[in-house]
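# Examination of the molecular architecture
Spelled out from the first residue to the last, the chains are:
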Amino acid sequence: WNGMQRNGMEWNGMEWNGTECNGMESTSMASSSDKFLSVMDVREIKKAKAFHESFPQYTVTPLVSLKNLASHIGIDSLFVKDESYRFGLNAFKVLGGSYAMGKYVAQQLGKTVEDVPYDVLTSAKLKEEFGQATFFTATDGNHGRGVAWAANKLGQKSVVFMPKGSTEYRRKQIENEGATVTIEEFNYDECVRLATKKSKEVPNGVVVQDTAWEGYEEIPNWIMQGYGTMAMETAAQLEAENCKVPTHVFVQAGVGSLAGSVVGYFTNLYSNAAKKPKLVVVEAEAAACLYKGAVADDGEPRIVEGDLETIMAGLACGEPNTVSWDILRNHADVFVSAPDWVARLGMRVGGAPIKGDTPITTGESGAVPLGLVMALMTMPEYEDLRKELELDASSKVLCFSTEGDTDPERYKNIMWYGEDR
């Protein structure tokens, strides 16, 4: 792999199985057995999507085609999946938490997830059969709100720990969904450990976390499958836009569960495509654990410690999901470590694209893929990476905007007043 840096932004290209993807130097790291790619098998994601479709709150979120912006920056098309409309919660995360909880309840009752659609899960009869559980999680906001919302709908309890630096607004949003919520004096990864510890101190305590580690993989796998609903929707929407296979997919990563879900799903879906999309994973520079694992070039994940200070709160995770890492090390083409200015750029471009395009309210963590595309296509210092990725007039690019203005004051301060934080 060949690491590079320009203006604080770093990236890594890869070669796998003797086939050069990006013209970069070859890597000595061999691919793994790839045993986790099946987690995102298309047949499994169909089950998750059917589960979500049983919710009365379910609607397909928009895939916005920024046609004029695409022409302006010199590519064929630019699509952004806008998750600010998901279940009225302003973020995609509820897809993972709700599906994992549905799978868990079904498993405890000796049923399949097909046996417990929304009307069954929320019924008095099921509550009587299942009893009372308390779902624990750690979050910067979006995941915790999704878990709290789903637990509330199921008549269950939830406890949420938020890392140092979380905003009171986001804490209150989670509390309003019925959870017990505290902001702690340490980072996200320590909050995960606290949630795990506290779950063992109450009857029927269950950790619902989207990061996996040895001995804790089943629920994170279910969460990734839940995220697959978004990817499956997107593939169908692309087809409707006469885009059978995008040339490039840009997705953000914190612990990597979303990125592993998207990369895993599209790898399976397009396994027989004549030309597969280039899959680009972008992280916050302050918490770029996947990028650092790529740079290390030995196949082992890496951990980033400290306060992980970044405006991309949803990506401020220093310890990777081991399942996602395995998928990504085999199938992602490039890892990018992005400073905060990339997210701010994406927020502003999304909110004010070219006249005639639909504006997108995209929050700090949601905006970084679009910001990266803009940087690559408009800044001369990134010309070499743009060429390596073969981003040109024929490119059909997909980005995911995973959240809206989940902290409205911070959003306005960045968009209106140009503040850095």
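Preceding this section is the structure that the text describes.
Now for a description of the structure that goes with this document. Since we're looking at a predicted model, the values are computed, not measured. In this convention, every chain numbers its residues from 1, walking through the sequence in written order. Local features in a predicted model are, by the rule used here, given only for residues with pLDDT of at least 70; side-chain atom pairs are given and counted only at 80 or more, and totals for whole chains, interfaces and linings are based on all residues. As a rule here, side-chain values come from all non-hydrogen atoms in the structure, and water together with hydrogens is ignored.

By definition, disulfides here are pairs of cysteine sulfur atoms that lie within 2.5 Å. For the structure on display, the rule yields zero disulfides. Unpaired in terms of disulfides, Cys 317 finds its nearest cysteine sulfur in Cys 289, a separation of 7.4 Å. Relative accessibility under 20% of the residue-type maximum defines a buried residue, over 50% an exposed one, and the middle range a partly exposed one, all with a 1.4 Å probe and only protein chains included. A residue is classified by how much of its surface remains accessible, and Cys 317, at 5% relative accessible area, is buried. In this model Cys 399 remains outside any disulfide bridge; the closest cysteine sulfur is found in Cys 243, 12 Å from its own.

A word on helix α12 (residues 322–331). For the purposes of this entry, the term helix denotes a DSSP run of H or I that reaches at least four residues, the term strand denotes a run of E that reaches at least two, and both are numbered from the N terminus. In terms of burial, α12 is largely enclosed, as nine of its 10 residues are buried. For α12, every residue scored as buried is listed here: Val 323, Ser 324, Trp 325, Asp 326, Ile 327, Leu 328, Arg 329, Asn 330 and His 331. Its side-chain oxygen 2.8 Å from the backbone nitrogen of Val 323, Asn 321 forms the N-cap of α12. By the criterion applied in these results, polar contacts are pairs of N or O atoms within 3.5 Å in which, for protein atoms, one can donate a hydrogen and the other can accept it, and in which residues neighboring in sequence qualify only through two side-chain atoms.

Within the secondary structure layout, Arg 386 lies in helix α15 (residues 383–388). Here the alpha-carbon distance between Arg 386 and Thr 180, two residues 206 residues apart in the chain, equals 46 Å. A polar contact is formed between the side chain of Arg 386 and the backbone oxygen of Leu 376, at a distance of 2.4 Å.

Judged by how many residues are buried, strand β7 (residues 134–138) sits mostly within the fold: five of five residues are covered. Of the two faces of β7, the one carrying Thr 134, Phe 136 and Ala 138 and the one carrying Phe 135 and Thr 137 are both buried. Bridging between β7 and strand β8 (residues 157–162) involves five bridges; their strand directions are parallel. Within the sheet, the bridge partner assigned to Thr 137 lies in β8 and is Val 160. In this fold, the crossover linking β7 to β8 by way of helix α6 (residues 142–153) has right-handed handedness. Strand pairing is defined by DSSP finding a minimum of two bridges between the two strands. When β7 meets strand β10 (residues 205–207), the two strands line up parallel, connected through three bridges. The partner of Phe 135 across the bridge, within β10, is Val 206. Every crossover in which the path from the first strand over the helix to the second runs clockwise, viewed with the strands pointing away from the viewer, is termed right-handed.

Right, let's get into the pattern of salt bridges. Note on definitions: salt bridges are taken to be side-chain nitrogens of Lys or Arg within 4 Å of carboxyl oxygens of Asp or Glu. Summed over the entire model, instances satisfying the criterion amount to 26 salt bridges. Between Asp 298 and Arg 302 there is a salt bridge, and its shortest N-O distance comes to 2.7 Å. When its relative accessible area of 40% is taken as the criterion, Asp 298 is described as partly exposed. Taken together, the shared-partner salt bridges in this structure form one network comprising Lys 81, Glu 83, Arg 86 and Glu 233.

Right, let's get into the packing of aromatic side chains. A pair of Phe, Tyr and Trp rings is counted when the ring centres sit within 6.5 Å of each other, with Trp represented by its six-membered ring. The angle between the planes then sorts it: under 30 degrees is stacked, over 60 is edge-to-face, the rest tilted. As enumerated under the stated definition, the model contains 15 aromatic pairs in all. Geometrically, the ring pair formed by Phe 51 and Tyr 99 is edge-to-face, given 5.5 Å between the ring centres and 65° between the ring planes. Of the two residues, Phe 51 sits in helix α1 (residues 42–53) while Tyr 99 sits in helix α3 (residues 94–108), which places them 48 residues apart along the sequence. Pair check on accessibility: Phe 51 and Tyr 99 agree, each one buried. Here the aromatic rings of Phe 55 and Phe 87 are separated by 5.6 Å at their centres, their planes lie at 25°, and the arrangement is stacked. Remark: Phe 87 occurs in the loop between β6 (77–82) and α3 and Phe 55 occurs in the loop between α1 and β5 (63–65); sequence separation between them is 32 residues. The same class applies to Phe 55 and to Phe 87, which are both buried. Feature note: the residues Phe 51, Phe 55, Phe 87, Tyr 99, Tyr 118 and Trp 149 constitute an aromatic cluster, connected by ring pairs. Looking at Lys 412, its charged tip hangs above the ring of Trp 416, at a distance of 6.0 Å from the centre. Remark: a charge is flagged as sitting over a ring if the NZ atom of Lys or the CZ atom of Arg is within 6 Å of the ring centre and within 35 degrees of the ring normal.

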